Number of protein chains: 2
Amino acid sequence: MPERSPLAPASFPSLSDIEGVRLAVGHAGYHYADTRMDLLLAEFVPGTVAVGVTTQSACASPEVEWCRERLPSHNARGLVVSSGNSNAFTGKRGKAAAEMIGAEAARLLGCDLEKILLSATGVIGVPLPAARALNVMETVTAQLGTASFEDAARAISTTDTFPKGAGAAAIIGGARVSIAGIAKGSGMIAPDMATMLGYIFTDARVAPALLHDMLVRANARSFNSITVDGDTSTSDTVLLFATGQTGPLLEKMTDPGAHAFYGALCEICEDLAQQIVRDGEGASKFITIRVSGAVSDSSARKIGMSIANSPLVKTAIAGSDANWGRVVMAVGKAGEPADRDRLSIRFGSVTVAQQGEVVAGYDEAPVAKHLQGDEIDIGVSLGLGDGAARIWTCDLTHGYIIINADYRS
Amino acid sequence: MPERSPLAPASFPSLSDIEGVRLAVGHAGYHYADTRMDLLLAEFVPGTVAVGVTTQSACASPEVEWCRERLPSHNARGLVVSSGNSNAFTGKRGKAAAEMIGAEAARLLGCDLEKILLSATGVIGVPLPAARALNVMETVTAQLGTASFEDAARAISTTDTFPKGAGAAAIIGGARVSIAGIAKGSGMIAPDMATMLGYIFTDARVAPALLHDMLVRANARSFNSITVDGDTSTSDTVLLFATGQTGPLLEKMTDPGAHAFYGALCEICEDLAQQIVRDGEGASKFITIRVSGAVSDSSARKIGMSIANSPLVKTAIAGSDANWGRVVMAVGKAGEPADRDRLSIRFGSVTVAQQGEVVAGYDEAPVAKHLQGDEIDIGVSLGLGDGAARIWTCDLTHGYIIINADYRS
């Protein structure tokens, strides 16, 4: 992997195995000249419930379309993730490649084709060389159970500078259930979809409709509340697998333990989403933007995203510049209700502007100190209503230009 | 001015005077330590028709609000442009500053306050030091008629690396009328409004309603079809003044000469808009994006802007990388109807992808050669309908980061 992001966590978390899930990784050699693992195979026990959310892109990859077709059955026995080649925009050949890998996985796991889910990430426009996967899948299958979540997180990475994982637990009816998740993503990270690849595994027993509802809600406040560059991938997918090996069945939010499980799920999704931002291409600062007082939550989100995606705000933060004028600009361009004379803006704990102008006697020293750090907190209050949102993003630095003016992704 | 953009025109155009317009520039010392001219005063003969378009920002500056209030009367005797301080988000003090400058201009030109228009551009959040303008406005007024359009273009500039001007003429009823325009802009350039500051002057006689209609239409295909960074200024304004000193009155598009005049106006707006993009912060390449086959013109424009504002597309072009996969991504994220399998993409004259995949036998050599140049042409065909749009933008380079991570604008 390239040099680790300065915002990366100290180490990969310690994640316990999830009963009913077996992992293996292999080297198909899709794209990279090196010999790193680029194929993840996961096997689930019969009866595993699967739910997922995928990109809203109108140019989704064949793997995304594959998942969209199969997810409504809420049933999975296997997952194959290919990294280094997204297989997006590859026409009939790309579709055929996905079908070959899906069929081989079904044969090797001895299950119906409809119970296999697929993902791919990496270069766009080059048909996935399925033969390279087929060469190794039998060997990989023989190794099921040997890979850790960290191995899996590494195998699904592309431009990531560190593997991303998170774990949590919840008590349901006296039983302790576990959740573990992995994700990848660094660039082409943007709102309005399930961002990039994320896979979450639990041994809990949850009814498909409830599990799906929980994932949609957890996704909204995690993966869908981050942005690196405002660019939405053709391959974004988040899948959640519940093997049902532990605890009583959860069917509705009022069941004992359902809130605890949902809380643990949100914790994992938010942790993974933050890790993706912390690995944002070229990122040197992690930025939290809290918008309040908007006319609605959706309006607050649009305003927060307008700030988070503004190149002028992101470069100002990169330069440790308390340039609240650019925040005003980004609020103004969002196309949402805003009243200049009710607006207030905060950096860290210091309100720098309110009621349409700079605060009298505003002392820039503590603000400058906050902006010298690498955890930046921006608050915007609209003074119009109760709508609120919290967005995570990173700054825009020379590192982003270096990575993207040279890398064919 | 900073080092001239590599995309700048060779020189400022030769522009003839416009009868009924007198210009003067002065040094108020709003912001810059140097001694450059930062105040433009224009005087118009009585009866001059004025029309304008302003930013859609919800946080517009007091000068923009001033213009919005006065433009409906379609009448102007004077214009004051302050550069180095936008006076935006400065509360009551900023509003008072605008009022003082407006009142002084009215007194000096001997006209009603309602016939003065104001603009300001530069740093946000610092109340405009009106006293500095008042100190020099009497002297500047005494110099009316001494400044050229080039002097005026320089006086309204901030981070611009070259002064921007364009001229054209049209024959109306046997009379030759002239149009001259100046503009400024380099960063915080984005769609959906009249972008940045532009002032256009003509000696033609045009009825207010027709003149306004022509400006709105010309603006749509010029200033509103460009983007540098997707960031919309709080101060954007384009004003058009017709002194009525030459030729017969134009009242409707069917009048002889109306189309010639509109064509000349479009030419100037498009020329100035291109110059703003060519001076885009850090720009090293001028990019034209042509979208066709969309379900509507408006859908084509959104798709074109999605491509033009994508940091991944802009950095790929900066790196001379024929990365059409990122163009696919930007089409997919636009939120507009698109069918991956009907999409085709062209770089220069070479179609690289069609019907959802790379063209068989695609030769990257001529495409790479095109991308090594500094005039890049990207074509996207959706294959769905007749909607079309043409967007101008520039690439995203280290220069943008250098300018914006350090400059307090």
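Fair warning: this is a prediction, and the values are worked out from it, not measured in the lab. (Residues numbered from 1 in each chain as written. Chains lettered and ligands numbered in written order. Predicted model: local features only at pLDDT ≥ 70, side-chain atom pairs only at ≥ 80, totals over all residues. Heavy atoms only, no water.)

1. Here's the deal with the interface of chain B and chain A
And step 1. Residue-level contacts link 60 residues of chain B with 60 residues of chain A.
And step 2. Buried surface at the junction of chain B and chain A, summed over both partners, amounts to about 4900 Å²; 57% is from carbon and sulfur atoms.
And step 3. Taken together, the connections running from chain B to chain A amount to four salt bridges.
And step 4. Here Glu65 of chain B makes a salt bridge to Arg340 of chain A, at a shortest N to O gap of 3.3 Å.
And step 5. On inspection of chain B and its partner chain A, the count reaches 11 residue pairs in polar contact (both at pLDDT 80 or more).
And step 6. Elements represented by at least two residues in the side of chain B that touches chain A include exactly helix H1 (62–70), helix H2 (91–109), helix H8 (311–318), helix H9 (324–333), strand E14 (357–358) and helix H11 (398–406) of chain B.
And step 7. In terms of residue count, H9 of chain B provides more of the side of chain B that touches chain A than any other element does, eight residues in total.
And step 8. Residue classes in the side of chain B that touches chain A are distributed as 25 nonpolar, 21 polar and 14 charged. (Contact = heavy atoms within 4.5 Å. Buried area = accessible area lost by both parts, 1.4 Å probe. Salt bridge = Lys/Arg side-chain N within 4 Å of Asp/Glu carboxyl O. Polar contact = N/O pair within 3.5 Å; in protein donor to acceptor, adjacent residues only side chain to side chain. Helix = DSSP H or I, 4+ residues; strand = E, 2+ residues; numbered from the N terminus. Nonpolar A, V, L, I, M, F, W, Y, C, P; charged D, E, K, R; others polar.)

2. A closer look at the packing of aromatic side chains
Aromatic rings in a pair are described by how distant their centres are and how their planes are angled relative to each other.
And step 1. On inspection of all chains with the given rule, the structure shows 12 aromatic pairs over all chains.
And step 2. Their ring planes at 40° and their centres at 6.4 Å tell us that Phe286 of chain A and Trp392 of chain A sit as a pair that is tilted. One end of the pair, Phe286 of chain A, is in strand E11 (residues 286–294); the other, Trp392 of chain A, is in strand E16 (residues 387–394), and 106 residues separate them in sequence. Take Phe286 of chain A and Trp392 of chain A: they sit in the same class, and that class is buried.
And step 3. Residues Phe44 of chain B and Phe241 of chain B carry aromatic rings whose centres are separated by 4.1 Å and whose planes lie at 20° to one another, so their mutual orientation is stacked. (Phe/Tyr/Trp six-rings, centres within 6.5 Å; stacked < 30°, edge-to-face > 60°. Buried < 20%, exposed > 50% of the residue type's maximum accessible area, 1.4 Å probe, protein only.)

3. Describing helix H8 (residues 311–318) of chain A
All names here are of chain A.
And step 1. Among the eight residues in H8, seven count as buried, and that is most of the element.
And step 2. Here H8 has its buried residues at Pro311, Leu312, Val313, Lys314, Thr315, Ala316 and Ile317.
And step 3. Phi for Ser320, located one or two positions after H8, is positive at around 55°.

4. Observations regarding the side chain of Lys184 of chain B
All names here are of chain B.
And step 1. With respect to the element layout, Lys184 can be found in strand E7 (residues 175–184).
And step 2. Here Lys184 is buried and forms no salt bridge, its nearest opposite-charge partner Asp160 lying at an N-O distance of 4.2 Å.
And step 3. There is a polar contact of 2.9 Å between the side chain of Lys184 and the side chain of Thr121. (Lys, Arg positive; Asp, Glu negative; His and termini not counted.)

5. Here we look at the domain arrangement of chain A
Residues and elements named next belong to chain A.
And step 1. Each assigned domain of chain A is listed here: domain 1 (21–278) and domain 2 (286–406).
And step 2. Using only C-alpha atoms to locate each centre, domain 1 and domain 2 end up separated by 33 Å.
And step 3. Between domain 1 and domain 2 the total buried area reaches about 1300 Å² when both faces are included, carbon and sulfur atoms providing 54% of it.
And step 4. Counting across the domain 1 and domain 2 interface gives two salt bridges.
And step 5. Salt-bridge contacts for Arg278 lead to Glu375; the nearest nitrogen and oxygen are separated by 2.7 Å.
And step 6. The tally of links from domain 1 across to domain 2 stands at one residue pair in polar contact (both at pLDDT 80 or more).
And step 7. Elements that contribute at least two residues to the side of domain 1 that touches domain 2 include exactly strand E9 (226–227) and helix H6 (258–278).
And step 8. At five residues, the largest contribution of residues to the side of domain 1 that touches domain 2 is made by H6.
And step 9. Its residues assigned to classes, the side of domain 1 that touches domain 2 shows five nonpolar, five polar and five charged. (Domains from an automatic or database assignment.)

6. What about the sheet that holds strand E3 (residues 49–54) of chain B?
Residues and elements named next belong to chain B.
And step 1. In spatial order, the strands read E3-E10-E8-E7-E6; together these five strands make up an open sheet with mixed pairing. Across the chains shown, the open sheet's two edge strands, defined by having one partner strand only, are E3 and strand E6 (164–172). Strand after strand, the sheet turns through a mean of 20° between neighbouring axes, direction not considered.
And step 2. Where strand E8 (residues 197–206) meets strand E10 (residues 237–250), nine bridges bridge the pair, whose relative direction is parallel. Paired with Tyr199 across the two strands is Leu239, which belongs to E10.
And step 3. Here helix H5 (residues 208–220) sits on the sheet and contacts E3, E8 and E10; the angle it forms with E3, its principal contact strand, is near 35°. (Pairing = 2+ DSSP bridges. Axes fitted to C-alpha atoms, helices over the stretch in contact; angles between N-to-C directions.)

7. Some thoughts on the nonpolar core
And step 1. Among the nonpolar cores identified, the biggest contains 82 residues, and Val331 and Phe347 of chain A together with Phe347 of chain B are the most heavily contacted of them.
And step 2. Residues in contact with Val331 of chain A, not counting those within four places in the same chain, are Ile303, Ile307, Ala338, Leu343, Val380 and Leu382 of chain A together with Cys59 of chain B. (Core = buried A, V, L, I, M, F, W, Y, C linked by side-chain atoms within 4.5 Å.)

8. Topic: the state of the cysteines
All names here are of chain B.
And step 1. Enumeration according to the criterion identifies zero disulfides over all chains in this entry.
And step 2. With no disulfide of its own, Cys266 lies 6.6 Å from the sulfur of Cys269, the closest cysteine sulfur.
And step 3. Taking the relative accessible area as the measure of exposure, Cys266 reaches 5% and is therefore buried.
And step 4. With no disulfide partner, Cys394 has as its closest neighbouring cysteine sulfur the one in Cys269, 20 Å distant. (Disulfide = S-S within 2.5 Å.)

9. Some thoughts on the relation of the copies chain B and chain A
And step 1. When chain B is fitted to chain A, the best match, at an RMSD of 0.0 Å, comes from turning it 180° and sliding it 0.0 Å along the axis. Accordingly, the operation relating the two chain copies is best matched by a two-fold axis. Of the C-alpha atoms belonging to chain B, the one lying closest to the rotation axis is found on His398 of chain B, 3.0 Å away.
And step 2. The share of interface residues of chain B whose copies in chain A are also at the interface is 100%, consistent with both copies meeting through the same surface. (Least-squares fit on C-alpha atoms with pLDDT ≥ 70 in both.)

10. Describing the packing of helix H5 (residues 208–220) of chain A against H6 of chain A
Residues and elements named next belong to chain A.
And step 1. For the pair H5 and H6, interaxial distance at closest approach is 9 Å and the crossing angle is 40°. Classed by the angle they form, the pair H5 and H6 counts as oblique. H5 and H6 meet at a crossing whose hand is right-handed. Contacts between H5 and H6 involve Leu211, Met214, Leu215, Arg217 and Ala218 from the first element and Ala258, Phe261, Tyr262, Leu265, Cys266 and Cys269 from the second.
And step 2. Split into classes, the residues belonging to the contact of H5 with H6 amount to 10 nonpolar, no polar and one charged. (Parallel < 35°, antiparallel > 145°, perpendicular 65-115°, else oblique. Left-handed = near helix turned anticlockwise from the far one by under 90°.)

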